[in-house]
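Structure assessment
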Amino acid sequence: MPIEKFSTIVSPCVPLPIENVDTDQIIPARFLKATSRKGFDENLFRDWRYDKNDQPKAGFVLNQKSWSGTILVAGKNFGSGSSREHAAWALYDYGFRVVVSSFFADIFKNNALNNGLLPVQVSEGFLASLLKEIQANPSAGVKVDLEKQEISVLSTGASEKFDINPYKKTCLLNGYDDIDYLQSIREKIEKFEHNR
């Protein structure tokens, strides 16, 4: 599945103010049988979204019309637990392009970056104020500028810089996976080999 180029996203947000969300809560293990990356969106947060009769739970944020967008704002320590890449697939397949948290599990963070999903790690203070703003105003827009490595809340003007691995930034900006990146510098590689 090709990765979309990422530059700047302006979107309302979906708030998930829950700490320690692990990969089994993002996509339960019983749904990991597929080998294609498509279709995991149906079971994103499955046990939180649906009851035992497969009926949507009215109280869960993804089942509420108030919130929508391509940015998920989650509590501290998002993506802990097992290393399943399917968690990033499910979030991306659902339509999220950014996940904001004050801390990400390392393996989830790498899986997200490898699959076109940008994990934006912010301070706990910024996260708290962002969650407060979007819960009070569901249509509040948030801008994520990957080139500048900055997230900003349009309604309040609050902003914060975030870190990203320079190589992964290049890949996201160009829509590259690791093979695409190597192909993009093929001439440099060939020149290096020729000069050795």
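Here, every reference points to the structure presented above.
Residues numbered from 1 in each chain as written. Predicted model: local features only at pLDDT ≥ 70, side-chain atom pairs only at ≥ 80, totals over all residues. Heavy atoms only, no water.

**Notes on helix H5 (residues 124-136)**
For clarity, the cut-off: Numbering of helices and strands runs from the N terminus, with a helix taken as a DSSP run of H or I at least four residues long and a strand as a DSSP run of E at least two residues long. Under the convention used throughout, the expected extent of a helix is 1.5 Å for every residue step, that is, one less than its residue count. For every residue, the accessible area obtained with a 1.4 Å probe (protein chains only) is divided by the maximum for its type, and the residue is called buried under 20%, exposed over 50%, and partly exposed between those limits. Here the arc refers to the directions that run from the helix axis out to each C-beta atom.
Its 13 residues give H5 an end-to-end C-alpha distance of 18 Å, which sits within 8% of 18 Å, the value for a rise of 1.5 Å per residue. Of the residues making up H5, those classed as buried are Phe126, Leu127, Leu130, Leu131, Glu133 and Ile134. With its buried residues spanning 165 degrees around the axis, H5 presents them on a single face. Those residues of H5 that are exposed and aimed more than 90 degrees away from the buried face are Lys132 and Ala136.

**Points about the packing of aromatic side chains**
The condition is simple: Whether two aromatic rings pair depends on their centres lying within 6.5 Å, for rings of Phe, Tyr and Trp, where Trp uses its six-membered ring; planes under 30 degrees apart make the pair stacked, over 60 edge-to-face, and the rest tilted. Two limits define a charge over a ring: the Lys NZ or Arg CZ must be within 6 Å of the ring centre, and within 35 degrees of the ring normal.
Tallied over the entire structure, the rule returns eight aromatic pairs. Taking 6.2 Å as the distance between ring centres and 15 degrees as the angle between the ring planes, the aromatic pair formed by Phe104 and Phe108 counts as stacked. Put simply, the rings of Phe45, Trp48 and Phe60 touch in pairs and so form one group of aromatic residues. Across the ring face of Tyr50, the terminal group of Arg46 is positioned such that the distance to the ring centre comes to 4.3 Å. Seen from the ring of Tyr92, Arg97 lies directly overhead, with NZ or CZ sitting 3.7 Å from the centre.

**Things to note about the sheet that holds strand S6 (residues 142-145)**
What counts is decided by this rule: Note on pairing: DSSP must find at least two bridges between two strands before they are called paired. Inter-axis angles, ranging from 0 to 180 degrees, are taken between N-to-C directions of lines fitted to C-alpha atoms, where helices are fitted over the stretch in contact. Should any heavy atoms of two residues lie within 4.5 Å, those residues are counted as being in contact.
If you walk across this open sheet you meet the four strands as S1-S6-S7-S8, and the pairing is antiparallel. Single-partner strands in this sheet number two, and they are strand S1 (8-11) and strand S8 (159-161). Between one strand and the next, the sheet's axes are offset by a mean angle of 10 degrees, whatever the strand orientation. Examined bridge by bridge, S1 and S6 share four bridges and lie antiparallel to one another. Opposite Ile9, over in S6, you have Val144 as the bridge partner. Where H5 meets the sheet, it contacts S6, strand S7 (150-153) and S8, and its direction lies at approximately 40 degrees from that of S7.

**Things to note about the environment of Ala29**
For Ala29, the location among the structural elements is in the loop between helix H1 (23-26) and helix H2 (46-49). A C-alpha to C-alpha distance of 9.4 Å links Ala29 and His86, two positions 57 residues apart in sequence. Not counting residues within four places of it along the chain, the set of residues in contact with Ala29 comprises Asp24 and Arg84.

**Let's talk about the packing of helix H3 (residues 86-94) against helix H4 (residues 106-114)**
Two numbers describe a pair of packed helices, the interaxial angle and the distance between the axes. Basically, it comes down to this: For classification purposes, an angle smaller than 35 degrees is called roughly parallel, one larger than 145 roughly antiparallel, one from 65 to 115 roughly perpendicular, and anything else oblique. The handedness criterion is simple: a crossing whose near helix is rotated anticlockwise from the far helix by less than a right angle is left-handed, and one whose near helix is rotated clockwise is right-handed. Polar here means any residue other than Ala, Val, Leu, Ile, Met, Phe, Trp, Tyr, Cys and Pro, which are nonpolar, and Asp, Glu, Lys and Arg, which are charged; Gly is therefore polar.
Between H3 and H4, the least distance of the axes is 8 Å, while the angle of their chain directions is 50 degrees. In this view, H3 runs oblique relative to H4, as classed from their interaxial angle. As for the relative orientation of H3 and H4, their crossing is right-handed in sense. Contact residues: H3 offers Ala87, Ala88 and Leu91, while H4 offers Phe108, Asn111 and Ala112. Among the residues forming the contact of H3 with H4, the class breakdown is five nonpolar, one polar and no charged.

**Here we look at unusual backbone geometry**
Positioned with a positive phi, Asp54 is a non-glycine residue whose angle comes to about 60 degrees. Looking at the secondary structure, you find Asp54 in the loop between H2 and strand S3 (71-74). A positive phi angle, close to 65 degrees, is found at Asn77, a residue other than glycine. Inspection of the secondary structure puts Asn77 in the loop between S3 and H3.

**Some remarks on the side chain of Arg46**
For Arg46, the position within the fold is in helix H2. Assessed through its relative accessible area of 16%, Arg46 is described here as buried. The residues touching Arg46, leaving out its near neighbours within four places in the chain, are Gln25, Pro28, Arg30, Phe31 and Asp54.

**Side note on the sheet that holds S3**
Strand order in the open sheet formed by four strands is S2-S3-S4-S5, and the pairing between neighbours is parallel. In this open sheet, the two strands that pair with only one neighbour each are strand S2 (13-16) and strand S5 (118-121). When strand polarity is set aside, the average angle formed by the axes of neighbouring strands in this sheet is 20 degrees.

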